[in-house]
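Descriptive structure summary
The primary structure of each chain is shown beneath.
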Amino acid sequence: SILYCRHAFRQSHLFQRQASTLLIVEHKDKELSPSVFNTLQAANNLKNDVVALVCGHDCSSAADLARKLPNIKKVFYVDHPWLKDHSPDQYATVIHHLHKKHNFSHILSSSSTLGRNVVPRVAAILDVQPITDVIEILDDRTFKRPIYAGNAQAILRYKKDVALKALTVRATSFPTSLTIPKSEDSPVAPVEELPSDILKDPPLTHCVSKEVAKSDRPDLTQAKIVVCGGRALKNKQNFEKHIGQLAEALGGAVGATRAAVDADFVSNDLQIGQTGKVVAPDVYFGFGVSGAVQHLAGMKDSKVIVAVNTDTDAPIFQIADYGLKEDVFKALPEILEEVKKLPPRSK
């Protein structure tokens, strides 16, 4: 009996020691996505060794940046023309190949478009249930995620005999101060370049074209200040004149409700909500935003919420820190005038 217990302890200890997390690194060829640092913070919360995966074509700069990330033990790098447009089925093939060889305990990505495409594919290949949009890690097999458009939270736990946990995490739920160290003496992880012949079949889909919106404003999901407008702005010209100018003056990002996007005031990449982007800025301004449950799901984690609306029964006032009952066309020019008197902010 004593020998059995000792043997069991050794097996348990060995399993914990070998547990490792594969972090899928998102990048734009020469730079890492800001969400990588939040996802790495989530990976660190698992208290396992973390290894990173960089896939792409002619993106050695991204791999070089990934090897400098804090606490990364190793970087796997795959360069192939089929990965140029980050084809999710090719990512899944690479991850399947790596998992067969290294037997990871966790596979982790942010809940971005890429992560939501890749992780379920990998989970299907490996016959495990993914848990998506994780907002809290309770332990290495127990996770919390929002349900019912954020009105409730579910705690999900993998069974003990499930060896692999496949996760996407909501980046805004894992704030971090992690950065790439600037010191040349900082430790760097080794890079292992995988053979390109692991990709034997061409992608099931291919990118026909890309339309990249260029803006001097900060990225919506990373901005410290977000100025959001609703359908009350009436048209595209008013939206840019009032919401755009205030965001510019504050050094913030522009956001919009689903109704404003559907009315073609702005493009859908600025939509905040359940079917748009999730933001958690230091300050969120909502002008003419009623606060439908789908929109609240994308912004209610903001540290300070300021709402301006003529309807005092609007749901957004229930979660707002500061509320003003006023017409947006009267309030916005006055607020902008006062903001312009303030010292300029860095974006």
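In what follows, the structure referred to is the one given above.
Note that the structure is predicted; figures quoted are calculated from it, not measured.

Calculation rules
- Residues numbered from 1 in each chain as written.
- Predicted model: local features only at pLDDT ≥ 70, side-chain atom pairs only at ≥ 80, totals over all residues.
- Heavy atoms only, no water.
- Pairing = 2+ DSSP bridges.
- Helix = DSSP H or I, 4+ residues; strand = E, 2+ residues; numbered from the N terminus.
- Axes fitted to C-alpha atoms, helices over the stretch in contact; angles between N-to-C directions.
- Parallel < 35°, antiparallel > 145°, perpendicular 65-115°, else oblique.
- Left-handed = near helix turned anticlockwise from the far one by under 90°.
- Contact = heavy atoms within 4.5 Å.
- Nonpolar A, V, L, I, M, F, W, Y, C, P; charged D, E, K, R; others polar.
- Buried < 20%, exposed > 50% of the residue type's maximum accessible area, 1.4 Å probe, protein only.
- Right-handed = clockwise from strand over helix to strand, strands pointing away.

This part covers the sheet that holds strand β7 (residues 142-147). Each strand in a sheet pairs with another by means of backbone hydrogen bonds, the pair being arranged parallel or else antiparallel. If you trace the 3 strands from one edge of the open sheet to the other, you get β6-β7-β8, paired in antiparallel fashion. What marks the edges here is a single partner per strand, and that holds for β6 (136-139) and β8 (152-157). For this sheet, the mean angle separating the axes of adjacent strands, direction not counted, is 30 degrees. Sheet analysis places β7 next to β8, joined by 6 bridges and oriented antiparallel. Within β8, the position partnered with F143 by the bridge is L156.

The next thing to look at is the packing of helix α6 (residues 236-250) against helix α9 (residues 328-339). Geometrically, a packed helix pair is captured by the angle between its two axes and the distance between the axes. Packing of α6 against α9 leaves a shortest axis separation of 10 Å and a crossing angle of 25 degrees. When the interaxial angle is binned, α6 and α9 end up roughly parallel. Crossing angle aside, the handedness with which α6 passes α9 is left-handed. On α9, the residues that touch N238, H242, I243, Q245, L246, A249 and L250 of α6 are F329, L332, P333, I335, L336 and V339. For the contact of α6 with α9, the residue count by class is 10 nonpolar, 3 polar and no charged.

Turning next to the pairing of strand β3 (residues 72-79). Here β3 lies mainly inside the structure; 6 of its 8 residues are buried. As defined by bridge partners, strand β2 (residues 49-56) adjoins β3 across 7 bridges and the pair is classed as parallel. Residue G56 lies in a different strand from β3, and its bridge partner there is D79. Regarding topology, helix α3 (residues 60-66) serves as the crossover connection from β2 to the parallel β3, and that connection is right-handed. Examined bridge by bridge, β3 and strand β10 (residues 191-193) share 3 bridges and lie parallel to one another. Residue pairing in the sheet places F76 in a bridge with E192 of β10.

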